Amino acid sequence: GDVYKRQGLRICYKMAGSGYDYDVSTLSPEGKIYQVEYAMKATENSSTIMGMVCKDGVLLGTEKLIVSEMMVSGSDRRVYSVTKQIGMVITGLLPDGRCLIDRAKEESASFQKQYGIPITGKVLADRIAQFMHMNTIYLWARPYGCNIIIASLDEGTGPALHLIDPSGQCFGYFGCAAGKGRQIARNEIEKLGSKNLTCKECAFHLAKILHKCHEEMKEKKFELEMSWICPESGMVHQMLPKDIQKELEARAQETLEKEAMADVQSQIMKNINICLLYTSD
Amino acid sequence: RRPPRSTPKPSSAASDVYKRQVHGDYLIDMESIDWSQPIRDGTTIMAVVYDGGVMLGADSRTTGGALIYNRVSDKIEPIHKRIFCLRSGASAHTQKIAQLCRLYIGQLGSELEETPPVYSAAKIIQSFIYNYKSFLSAAMICAGWDPIKGPQIYTIPLGGTLVRENIATGGSGSAYMSGFCDTHYKAGMTRKECRDFMIQSISLAMFRDSSSGGIIRLLDITKDGVSREYISHDQLPLKQNNYSQSCLLYTSDAADEGLGVDLGGR
């Protein structure tokens, strides 16, 4: 629990850090950097983001809570195009994330200017990861409190996804998720096996999984942002066209309701069977 | 080029020993050599895409005014495993540009973890030649093979344009072989045809251009590897001191002993 402890003019929580968590340049005796862990906590309670690599392309998606009824829909952007064939989605502290997107755009532009070829997803992800890691070594900086997924489609390597966390770790994935609903999302993605489906088919599953992740907070209004790089989008990173997205979301909700009903029904049947078991003589 | 001037007899005083140099049977007066001329690869360079790869060829003469600094120089510079460039113009400039290109392409290769595109090497060379064109005198040809586009050649002449071509020539000697190249080049040659074509063209250029000469260096780049060879002086189709040769046949199988033309047969 939290215990207030007065320390001179400072009032601080006495938590797990206990003195080794004041700046990011301090290692704890257990070998952890607490500031980086706190940065990861910032992303754990924020909107779910996820990505899937498909047979012919790659998908990105995020669910965002609508903060105010008066906000123009689509103004709180989370998914951005960095180059024609690379897209990024952010979660956690959004201003930090948007700063990283600007940095990614600069890196891509300078790579293209110097080498004449568009930057590949892996090279960009490595550079952004190094950039984020820089903020975990110096005293005067704090880590970026955001998780990023970079989706790319290169001529040579094909579709790819990279997930970067606040510590600067960057891995390539076939399917990944971050944010509040990440456990549900990861289980669903594993069950799905998106590598054998086309982007068009996977888009429906993406909408469904994002709706599923949101189930605990049914009362709060939310919006989906989805994007893809696939033949339907002309091999270019593009937000899902509004009509397609609406149709997919409607279908996804229907399917979820049916599945929920089926669950309830099977529960009822189980209970009836148990009752019958006990009442039959 | 400056006209030859009559040289005064070298002084025979013992203190002037630095002014005399003995080369074989000849005494050279070091003071009569014009040291102010920059060292240039006067040159004939050429690259041709054939069916299966790209072949690069160059002469081997490096001059500084009327003095030949190196008669067996190598104008074919490696940039990466399957990317090479040919240098013409001021030697210092082109060597530096090639060195910097090698550095950047090495970095790109390790970042991408695969064969870097030839276009990137050409782009780097272009950025130097274009941005520093008022200081540099360099014209280069960048050629190679990469898995996405196959064999490619890019020319970057003095002003810094970047042009992709299937046959590229450069240097002062290229003017003398342009007619021959236009007549006899055809797309999709075999390796042997390409090699013979290049040997003929470059030796024609070396025959007429005073800043090209020496041996012909050839480099062949394919998917599977890179191989180098040189055609030494006595194997050239046109021997440079033999003014009696006035007729050339461009046939790859002819053993034209009657005309004294030896195509090497390699």
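Numbering of residues begins from 1 in every chain and follows the order in which that chain's sequence is written. Chains and ligands are labelled by the order in which they are written, letters from A for the one and numbers from 1 for the other. Only residues with pLDDT of at least 70 get local features here, since the model is predicted, and only at 80 or more are side-chain atom pairs given and counted; chain-wide, interface and lining totals rely on the full set of residues. Only hydrogens and water are removed before side-chain values are computed, so all heavy atoms of the structure are retained for them.

### What to know about the packing of helix H4 (residues 182-192) of chain A against helix H5 (residues 199-213) of chain A
All names here are of chain A. Taken N-terminus to C-terminus, the directions of H4 and H5 make an angle of 150°; their axes are 9 Å apart at the nearest point. On the basis of their axis angle, the class for H4 and H5 is roughly antiparallel. For the element pair H4 and H5, the recorded crossing hand is right-handed. For the pair formed by H4 and H5, the contact residues are Ile184, Ala185, Glu188, Ile189 and Leu192 on the first element and Cys202, His205, Ile209, Lys212 and Cys213 on the second. Across the contact of H4 with H5, the residue classes tally to seven nonpolar, one polar and two charged. Helix axes are fitted only over the stretch in contact, all axes being lines through C-alpha atoms; the angle between N-to-C directions runs from 0 to 180 degrees. Put simply, DSSP marks the helices as runs of H or I at least four residues long and the strands as runs of E at least two long, and each gets a number from the N terminus on. Any angle that falls under 35 degrees is termed roughly parallel, while one over 145 is termed roughly antiparallel, one within 65 to 115 roughly perpendicular, and all others oblique. Rotating anticlockwise by less than a right angle from the far helix to the near helix defines a left-handed crossing, while the corresponding clockwise rotation defines a right-handed one. The contact criterion used throughout is that any non-hydrogen atoms of two residues lie within 4.5 Å. Residue polarity follows a fixed list, in which Ala, Val, Leu, Ile, Met, Phe, Trp, Tyr, Cys and Pro are nonpolar, Asp, Glu, Lys and Arg are charged, and the others, Gly among them, are polar.

### With respect to the pairing of strand E11 (residues 222-229) of chain A
Residues and elements named next belong to chain A. Think of it in three bands: residues with accessible area under 20% of the maximum for their type are buried, residues over 50% are exposed, and the middle band is partly exposed, with areas taken using a 1.4 Å probe on protein chains only. The buried fraction of E11 is high, at six of eight residues. With two bridges joining them, E11 and strand E12 (residues 238-239) adopt antiparallel strand pairing. Residue pairing for E12: Trp228 is matched across the bridge by Gln238. Following DSSP output, two strands are said to pair if at least two bridges run between them.

### Examining unusual backbone geometry
Residues and elements named next belong to chain A. Backbone geometry at Met235 places phi at a positive 60°, although glycine is not the residue there. Topologically, Met235 is positioned in the loop between E11 and E12. Given the relative accessible area of 34%, Met235 is considered partly exposed.

### Looking at the sheet that holds strand E8 (residues 158-164) of chain A
Residue and element names in this part refer to chain A. Strand order in the open sheet made by the five strands is E5-E6-E7-E8-E9, with antiparallel pairing throughout. A strand with exactly one partner marks an edge of an open sheet, and here the two such strands are strand E5 (79-83) and strand E9 (170-173). Across the sheet, the axes of successive neighbouring strands diverge by a mean angle of 25°, strand direction being ignored. For E5 and strand E6 (residues 86-92), the ladder comprises four bridges, and the chain directions are antiparallel. Within the sheet, the bridge partner assigned to Val79 lies in E6 and is Val89.

### Considering the sheet that holds strand E5 (residues 53-58) of chain B
Residues and elements named next belong to chain B. The strand order across the open sheet built from five strands is E13-E4-E5-E14-E15, with neighbouring strands paired in antiparallel fashion. The sheet is open, and its two borders are formed by strand E13 (167-170) and strand E15 (226-231), each paired with just one other strand. Strand-to-strand twist across the sheet, computed as the mean angle between neighbouring axes with direction ignored, equals 15°. As paired elements, strand E14 (residues 216-222) and E15 share six bridges and run antiparallel to each other. Looking across to E15, one finds that Leu218 is bridged to Glu229. Against the sheet, helix H3 (residues 174-184) engages strand E4 (45-50) and E13, with an angle of about 155° to E13.

### Points about helix H4 (residues 191-208) of chain B
For an α-helix, 3.6 residues make a turn, and residues three or four places apart therefore share a direction. Expected span, for any helix, means 1.5 Å times one less than how many residues it has. In this model H4(B) runs 26 Å from its N-terminal to its C-terminal C-alpha over 18 residues, within 8% of the 26 Å that 1.5 Å per residue would give. Of all 18 residues in H4(B), 14 are buried; the element is thus mostly enclosed.

### With respect to the packing of aromatic side chains
Centres within 6.5 Å make a pair out of two Phe, Tyr or Trp rings, where for Trp the six-membered ring is used; the pair is then stacked when the planes are under 30 degrees apart, edge-to-face when over 60, and tilted otherwise. Tallied over the full model, the rule gives nine aromatic pairs over all chains. Taken together, a centroid distance of 6.3 Å and an interplanar angle of 45° make the contact between B:Tyr185 and B:Phe197 tilted. Taken together, the positions of B:Tyr185 in the loop between H3 and H4 and B:Phe197 in helix H4 put the pair twelve residues apart, joining distant regions of the chain. Linked through ring pairs, B:Tyr104, B:Phe128 and B:Tyr132 together constitute an aromatic cluster. The lysine or arginine in question, A:Arg77, covers the ring of A:Tyr80, its NZ or CZ lying 5.1 Å from the ring centre. Only when the NZ atom of a Lys or the CZ atom of an Arg is both within 6 Å of the ring centre and within 35 degrees of the ring normal do we say a charge sits over the ring. The ring centre of B:Tyr119 lies 5.6 Å from the NZ or CZ of B:Lys149, which sits over that ring.

### Overview of the pairing of E4(B)
Residues and elements named next belong to chain B. The buried fraction of E4 amounts to six of the six residues, a majority that puts the element mostly inside the structure. Residues Ile45, Ala47 and Val49 of E4 are buried on one face, and the alternating residues Met46, Val48 and Tyr50, pointing to the opposite face, are buried as well. Across six bridges, E4 lies against E5 in antiparallel orientation. Residue Val49 lies in a different strand from E5, and its bridge partner there is Val54. One ladder, built from four bridges, connects E4 with E13; its direction is antiparallel. Across the sheet, the residue bridging to Met46 is Thr169, located in E13.

### Here's the deal with the environment of A:Ala141
Residue and element names in this part refer to chain A. Within the secondary structure, Ala141 is located in the loop between helix H3 (121-134) and strand E7 (146-154). Note: C-alpha distance between Ala141 and Val24 (117 residues apart in sequence) is 7.8 Å. For Ala141, the contacting residues outside a window of four places in its chain are Val24 and Asn135.

### Quick word on the environment of A:Lys41
Structurally, A:Lys41 is set in helix H1 (residues 34-44). Between the C-alpha atoms of A:Lys41 and A:Pro166, which are 125 residues apart in sequence, the distance is 9.7 Å.

### So, the side chain of B:Ser174
Residues and elements named next belong to chain B. Considering the arrangement of structural elements, one finds Ser174 in helix H3. Assessed through its relative accessible area of 14%, Ser174 is described here as buried. Apart from residues lying up to four places away in sequence, Ser174 is in contact with Thr44 and Thr169.

### Points about the confidence of the model for chain B
Residues and elements named next belong to chain B. Here chain B averages 83 in pLDDT, while 74% of its residues score no lower than 70. Contacts of residues 243-266 to residues separated by more than four positions or lying in other chains number 36 contacts, the stretch itself having pLDDT below 50. Taken over the whole predicted complex, pTM reads 0.80, whereas the ipTM for its chain interfaces reads 0.78. The pLDDT value tells you how sure the predictor is about a given residue, anywhere from 0 up to 100.

### Here we look at the pattern of salt bridges
Residue and element names in this part refer to chain A. For this analysis, a salt bridge means a side-chain nitrogen from Lys or Arg found within 4 Å of a carboxyl oxygen belonging to Asp or Glu. Within the structure shown, the criterion is met by 25 salt bridges over all chains. A salt bridge links Glu225 to Lys64; the nearest nitrogen and oxygen atoms lie 2.5 Å apart. In this pair, Glu225 is assigned in strand E11 and Lys64 in strand E4 (residues 58-65), connecting sequence segments 161 residues apart. Since its relative accessible area comes to 6%, Glu225 is described here as buried. Its relative accessible area of 3% is what places Lys64 among the buried residues. For Asp76, the salt bridge is made with Arg98, and the minimal N-O distance between the two is 2.9 Å. Taken together, the residues Asp76 in the loop between E4 and E5 and Arg98 in helix H2 (residues 94-115) connect sequence positions 22 residues apart. Given a relative accessible area of 27%, Arg98 falls into the partly exposed group.

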